[in-house]
Amino acid sequence: MTNPYLLFSGIGMILVGILPVVYWRKDVKLKYFLFGALTWAAAIGVKVLMDLTPLNDFLMRKFTISTFIIIIGIYVGLRTGILENGFAYIVSKKIEMKFREAIAFGIGFGGSEAIFLGILSFLSVLNLILTKASTYEDPSILFAPIIERLFVLFSHIFSCVLVIYSVKTKKIRYFLYSIIYKSPIDGIIPWMQHNIPKTVKGIYIMEIPVVIFGIIGLIGIIKLREVME
């Protein structure tokens, strides 16, 4: 039977998306969070449409599994880096934002993802409980997605602020830096899914790159604050 404690995984992910808004809302208008949320939704919408193409099947027929993983990793990574930062670039060209507004925009962007995935996780576990499905998951894994969403949030905020800084300074290299930074976060996923076992230990090992990129993002946010305020 599905462990009901796993419901807290989804709840924790949702809180990762909500609590930063509550904290940062004090001096920033709500619209900046909403701009970030809508930008995320637009980027994800395009990615979903791209996933409807037969690209994966085509590549799997043409290449060995090792080559396929490399190619799809590069594709997935660049797609995330270019689309998500590209949409953020377009929006920030239209809306002037200082550092605090830029952080709010990033929170709205990454927080929306955390809330959306948290709701999906919660409903999925709830459905398994209500239908009394005979699946078992070690409850110790419930912290993994919460950790992931927290550090991915830092990554989203940093890349958004980096894009906004690029617009403010009219220096395109910072936009390129945002793509270089963000692309590997998703790009490494196909390799990890293929090579790391789906054990509790393996699940937490897969979070190590996420944590590293999140810490880099947090340091980057602090550095950008020094030049934007």
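All chains use their own residue numbering, which begins from 1 and follows the written sequence. pLDDT decides what is reported in this predicted model: residues at 70 or higher carry local features, side-chain atom pairs at 80 or more are listed and counted, and totals for whole chains, interfaces and linings draw on all residues regardless. Side-chain metrics in this entry use all non-hydrogen atoms of the structure; hydrogen atoms and water are not considered.

S.K.: Help me understand the packing of helix α3 (residues 55-62) against helix α4 (residues 65-94), please; the structure alone is not making it clear to me.
M.R.: The description of two packed helices rests on the angle between their axes and on the distance between the axes. Helix axes use the C-alpha atoms of the stretch in contact, all axes being lines fitted to C-alpha atoms, and the angles between their N-to-C directions lie in the range 0 to 180 degrees. Starting at the N terminus, helices and strands are each numbered in turn, a helix being any DSSP run of H or I of at least four residues and a strand any DSSP run of E of at least two. Running from N to C, α3 and α4 point in directions that differ by 150°, and their axes come no closer than 9 Å. Comparing the axis directions of α3 and α4 gives the class roughly antiparallel. Along this stretch, α3 crosses α4, giving a crossing that reads as right-handed. The segment α3 lies against α4, with Leu-55, Asn-56, Leu-59 and Met-60 engaging Phe-68, Ile-71, Ile-72 and Tyr-75. For the contact of α3 with α4, the class distribution of residues is seven nonpolar, one polar and no charged. Roughly parallel means an angle under 35 degrees; roughly antiparallel, over 145; roughly perpendicular, 65 to 115; everything else is oblique. Working rule for handedness: look at the near helix, and if it is turned counterclockwise from the far one by less than a right angle, call the crossing left-handed; if clockwise, right-handed. Whether two residues are in contact is decided by their heavy atoms, any of which lying within 4.5 Å being enough. Gly is placed with the polar residues, together with every amino acid not listed as nonpolar (Ala, Val, Leu, Ile, Met, Phe, Trp, Tyr, Cys and Pro) or charged (Asp, Glu, Lys and Arg).

S.K.: Can you walk me through the nonpolar core in this structure?
M.R.: When a protein is soluble and globular, its nonpolar side chains tend to lie buried together. What is meant by a nonpolar core is a set of buried Ala, Val, Leu, Ile, Met, Phe, Trp, Tyr and Cys residues, joined one to another through side-chain atoms within 4.5 Å. Here's how the labels work: a residue is buried when its accessible area is under 20% of the maximum for its type, exposed when over 50%, partly exposed in between, all with a 1.4 Å probe on protein chains only. Of all hydrophobic cores here, the largest spans 35 residues; its most connected members are Trp-24, Ile-103, Phe-105, Ile-157, Val-161, Leu-224 and Met-228. Going through the elements one at a time, α1 (7-24), α2 (30-51), α4, α5 (99-130), α6 (143-169), α7 (172-187) and α10 (208-228) are the ones with two or more residues in this core. Residue contributions to this core peak at nine residues, all from α6. In this view, Trp-24 contacts Phe-33, Arg-100, Ile-103, Ala-104 and Ile-107; residues no more than four positions away in its chain are not counted. Counting six residues, the second largest nonpolar core, distinct from the first, contains Leu-6, Leu-7, Ile-129 and Leu-142.

S.K.: I tried to follow the packing of aromatic side chains on my own but got confused; where do I start?
M.R.: Centres within 6.5 Å are what make two rings of Phe, Tyr or Trp a pair, Trp counting through its six-membered ring; a difference in plane orientation under 30 degrees is then read as stacked, over 60 as edge-to-face, and the rest as tilted. Tallied over the entire structure, the rule returns 10 aromatic pairs. Centroid distance Tyr-23 to Trp-24: 6.3 Å. Interplanar angle 40°. Geometry classified as tilted. Taking 4.9 Å as the distance between ring centres and 75° as the angle between the ring planes, the aromatic pair formed by Tyr-165 and Tyr-174 counts as edge-to-face. The buried category is assigned to Tyr-165, whose relative accessible area is 14%. Three or more aromatic residues joined by ring pairs make a cluster, and in this case those are Phe-158, Tyr-181 and Phe-213. By definition here, charges over rings are those cases where NZ of Lys or CZ of Arg is within 6 Å of the ring centre and within 35 degrees of the ring normal. Lying over the aromatic face of Tyr-23, Lys-26 brings its terminal NZ or CZ to 4.5 Å of the ring centre. Sitting over the ring of Trp-24, Arg-100 keeps its end group 4.1 Å from the ring centre.

S.K.: Where do I start with the pattern of salt bridges in this structure?
M.R.: Opposite charge on two side chains permits pairing when their charged atoms draw close. Salt bridge criterion: a side-chain nitrogen from Lys or Arg within 4 Å of a carboxyl oxygen from Asp or Glu. One pass over the full model with this rule turns up eight salt bridges. Where Arg-100 meets Asp-27, a salt bridge forms, and the shortest distance between an N and an O atom there is 3.8 Å. Of this pair, Arg-100 sits in helix α5 while Asp-27 sits in the loop between α1 and α2; the two residues are 73 residues apart in sequence, bridging distant segments of the chain. With relative accessibility at 58%, the residue Asp-27 sits in the exposed group.

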